[in-house]
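# Reading the structure
Read off the chains here:
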Amino acid sequence: IVTLALLLAACSDATETAPEARPVLTVELVSTVREPWPEILVASGEIAPWQEASIGSELTGIRLDEVLVNVGDVVSKGQLLARFSEDALRIELAQLDASVAGATANLEKAKADLLRADRLETTSALSEQALLAYRIEAKAAAAQLAFAQAQRDAAALRLQYARVVAPDDGVISARMATAGAVNSMGTELFRLVRQNRLEWRAEIPAESLRRLHPGDSATVETLDGLQVTGAVRQVAPTADSATRNGIAYVDLPAGSGLLAGMYVAGRFTLATQTATVLPESAVVMRDGNYYLMQVDAQDRVHEIKVATGRRQDHQLEILTDIDTAARWVKSGGAFLTDGDLVQLAPGESVAP
């Protein structure tokens, strides 16, 4: 009797109904939307001067008396930057002025002698040979005057070179000039960022260069969050054979706060295209892949692998062709696996 009772009890336990499955998580649902998004091309590169002028010495063996500017000074075209000693140059110019005066007098005398000789030619009082000598002497005097004038002009130019002036508006980016130094011709004294204009030299993969055109908008962003907007001035016609990158030159506005030599990241805004968009929170990354959690009519989760594209304002572009009528877990998908039962938040339904 006891054995029979135990068997009946065991059978009764085995026939009891299994406990009902309970939802893993309460979720909100979201569906995809189609929005016009501008295509973004990300790049990085150096901030550099638009043009940097090298200002050098055009004199040899002359002492530099005075240096009037330093690095960072804003200068205007024609402004005096440095001055060489002018004493020896002024003396040389005075000597050559005297040479010009002497050559001018010799030419006037030679012309007068030739005029008298021409008057005597008809009287046969002067031989042909003597007349030719007067003419040659006049030409030689004219040549001597031209030579003396050229030397005088060269000395005047050297005196002008004693005053080193800015070739354009801009800012001094480097100073090598030292007061008291005796430089040779061609020695660099200053470097000038012309018109204080900077540019971003963005390094672009060669296959993407053709997508950029002059006038395209570009935004540069520094590590401290500074954003500066510029425009593409030109795109390099060739790519570097080592890096396979080309350069896009982006004009930056004056007073941007950027400095030449900085290496920054940025982006280009290209043509607008329609994108299939979901919130970033709806996308789950696992094992290097991206997934969406789809909820069916029985509130069960199905893990769908997708490819992603652009990001904008916490939204993510979905490149995979997915069901536009499907509903997806808005957030918390990382806590779910394929087949899990979920509970819908109040007001939610699977039907969009």
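Let me sum up the structure you'll find in this document. Here the structure is a predicted model, which means the values were calculated and not measured. (Residues numbered from 1 in each chain as written. Predicted model: local features only at pLDDT ≥ 70, side-chain atom pairs only at ≥ 80, totals over all residues. Heavy atoms only, no water.)

In this structure the tally under the stated criterion is one aromatic pair. Seen in terms of ring centroids, W200 and F268 are 5.4 Å apart; in terms of plane orientation they differ by 15°. Their pairing is stacked. Of the two residues, W200 sits in strand β12 (residues 198-205) while F268 sits in strand β16 (residues 263-279), which places them 68 residues apart along the sequence. On the accessibility criterion, F268 (0% relative accessible area) is buried. Between the NZ or CZ atom of R197 and the centre of the ring of W50, over which it lies, the distance is 3.9 Å. (Phe/Tyr/Trp six-rings, centres within 6.5 Å; stacked < 30°, edge-to-face > 60°. Helix = DSSP H or I, 4+ residues; strand = E, 2+ residues; numbered from the N terminus. Buried < 20%, exposed > 50% of the residue type's maximum accessible area, 1.4 Å probe, protein only. Lys NZ or Arg CZ within 6 Å of the ring centre and 35° of its normal.)

The strand order across the open sheet formed by four strands is β4-β11-β9-β6, and the pairing between neighbours is antiparallel. Across the chains shown, the open sheet's two edge strands, defined by having one partner strand only, are β4 (52-56) and β6 (74-75). (Pairing = 2+ DSSP bridges.)

Our next topic: helix α3 (residues 128-161). With 34 residues, α3 extends 50 Å from end C-alpha to end C-alpha; this agrees with the ideal 50 Å at 1.5 Å per step. Where α3 is concerned, the buried positions are L131, A138, A141, L145, A148, A155 and L159. (Expected span 1.5 Å × (residues − 1).)

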